[in-house]
Amino acid sequence: MRKTSIKDIALKANVSIATVSYVLNGTRNVRPETHKRVTEAIEELNYKPNDIAKSLKRNRTNTIGVIAEDVTVFNAPDIIDGINDFGDRHDLHILLVNLRLDKRIGRNFGDTEAYRKYAANAVSELLSKQVDGIIYIGVHTRDLTGLIDAEGIPIVYTYGYTQNDISIQYNDEQASYEAMSYLVRKGHSRIAIISGLMDSIPSRQRLKGYYKAVTDFELPFDPLLIKMGDWERESGYRLTAELLALPEPPTAILSMNDVMVVGVLQAADECGVSIPGELSVIGFDDREFSDYLRPRITTMGLPLHEMGYQAIEALYHLINGNKVQTLVMPECRLIERDSVGVAQ
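Worth saying up front: this structure is predicted, and the values here are computed from it rather than measured. (Residues numbered from 1 in each chain as written. Predicted model: local features only at pLDDT ≥ 70, side-chain atom pairs only at ≥ 80, totals over all residues. Heavy atoms only, no water.)

### Quick notes on the environment of Arg333
Counted only if it meets this: Working definition: helices are DSSP H or I runs of at least four residues, strands are E runs of at least two. Numbering for both runs from the N terminus.
With respect to the helices, strands and loops of the structure, Arg333 is situated in strand E11 (residues 333-335). In the structure, Arg333 is positioned 34 residues away from Thr299 in sequence and 8.5 Å away in space, judged by C-alpha atoms.

Structure (structure tokens):
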């Protein structure tokens, strides 16, 4: 007995073959009445969804799967927007799966077994939709080797990497160096840094940029100016209080994220230190709230849209059997606002 084909469903529902494919793959919005006709035809003809690949004329669906570790974390929306930007230009359909890791496991990224099942389920879901390739968006940049098995289809990582796959990352060292250069141009030489957790790749790379600037610009090196935070507001507050209590406090602080800057502002205010009059501050990430604080925070903006665009562009070349050109790391850019002044 001949198996039911997508063409049979299209004829039964009086729609195009493409519309049937959209309903089966969930790759585009279809009007409710049309969707109902197609699903009724599928049921009447006893069509099996796992026959999708066999029934398509081409061995591709022009569908890209995206696995986001958590779409509520600040980096994900702009990366996804970059992916959609490229997808729109090349008529690709995007399927998004949200692992919700920030809610499920918090910051316990070191224990991959705690979330391996969520990642594996996401891959299985996307493979069942016959995606041509997958983009994996991490919450926190780290080595993801061995986390998932893409079963041979192309995969690209961003905000994370593996030992064998293409990954798109921004240049943390360059960004930190640029922030330091800006402070030096403003006349600062005694510059403190508040880092994130030291098991973090961005923390280590940003510290490298800091040390390089200290060396290149022949700044005084004082270990007391190097503070280890944890990305949270409280650590920015506590460590700034320690810095301002030094016999010779810094004239500027480079904070490795904007959240800790909130604590920096709070501590400075309680110590009666004006920003930027007596203390200059630069953050990282260009979080939306950084433009609403007083003073408005000068910060390093991350190239998140570009990372998403480059990730899907690289994946598109892999899917089409083309050689991926040498990738240039997207660079952060300085967002100059009101929290940096000329050194007194």
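More follows now that the structure is in view.
### Focus on the domain arrangement of the protein
Quick note on the threshold: As used throughout, domain bounds are those supplied by an automatic or database domain assignment.
What the domain assignment lists for the protein is domain 1 (6-49), domain 2 (58-170 + 304-332) and domain 3 (172-301). On a C-alpha basis, the centroid separation for the pair domain 1 and domain 2 is 28 Å.

### Some remarks on the packing of helix H1 (residues 6-13) against helix H3 (residues 32-44)
The condition is simple: Interaxial angle, 0 to 180 degrees, is taken between N-to-C directions of lines fitted to C-alpha atoms, where a helix line uses only the stretch in contact. Any angle from 65 to 115 degrees is called roughly perpendicular, while one under 35 is roughly parallel, one over 145 is roughly antiparallel, and all others are oblique. By definition, turning the near helix anticlockwise from the far helix through less than a right angle yields a left-handed crossing, and turning it clockwise yields a right-handed one. Here, residues are in contact when the closest pair of their heavy atoms is within 4.5 Å.
Interaxial distance between H1 and H3 falls to 9 Å at its minimum, and their mutual angle equals 125 degrees. For the element pair H1 / H3, the angle class is oblique. Of the two elements, H1 crosses H3, and the hand of that crossing is right-handed. Between H1 and H3, the residues in contact are Ile9, Lys12 and Ala13 and Arg37, Val38, Ala41, Ile42 and Glu44, respectively.

### Remarks on the nonpolar core
Here is the rule we go by: Buried residues of nine kinds, namely Ala, Val, Leu, Ile, Met, Phe, Trp, Tyr and Cys, make up a nonpolar core once their side-chain atoms join them within 4.5 Å. For every residue, the accessible area (1.4 Å probe, protein chains only) is compared with the maximum for its type, and the residue is labelled buried under 20%, exposed over 50%, or partly exposed between those bounds.
Counting 65 residues, the largest nonpolar core has Ile135, Met180 and Leu279 as the members making the most contacts within it. Built from parts of two domains, this core gets at least three residues from each of domain 2 (58-170 + 304-332) and domain 3 (172-301). Those residues in contact with Met180 that sit more than four places away from it in its chain are Ile191, Tyr210, Ala213, Val214, Leu219 and Leu254. In this structure, Val123, Tyr136, Leu144 and Ile155 belong to the second largest nonpolar core, which totals 25 residues.

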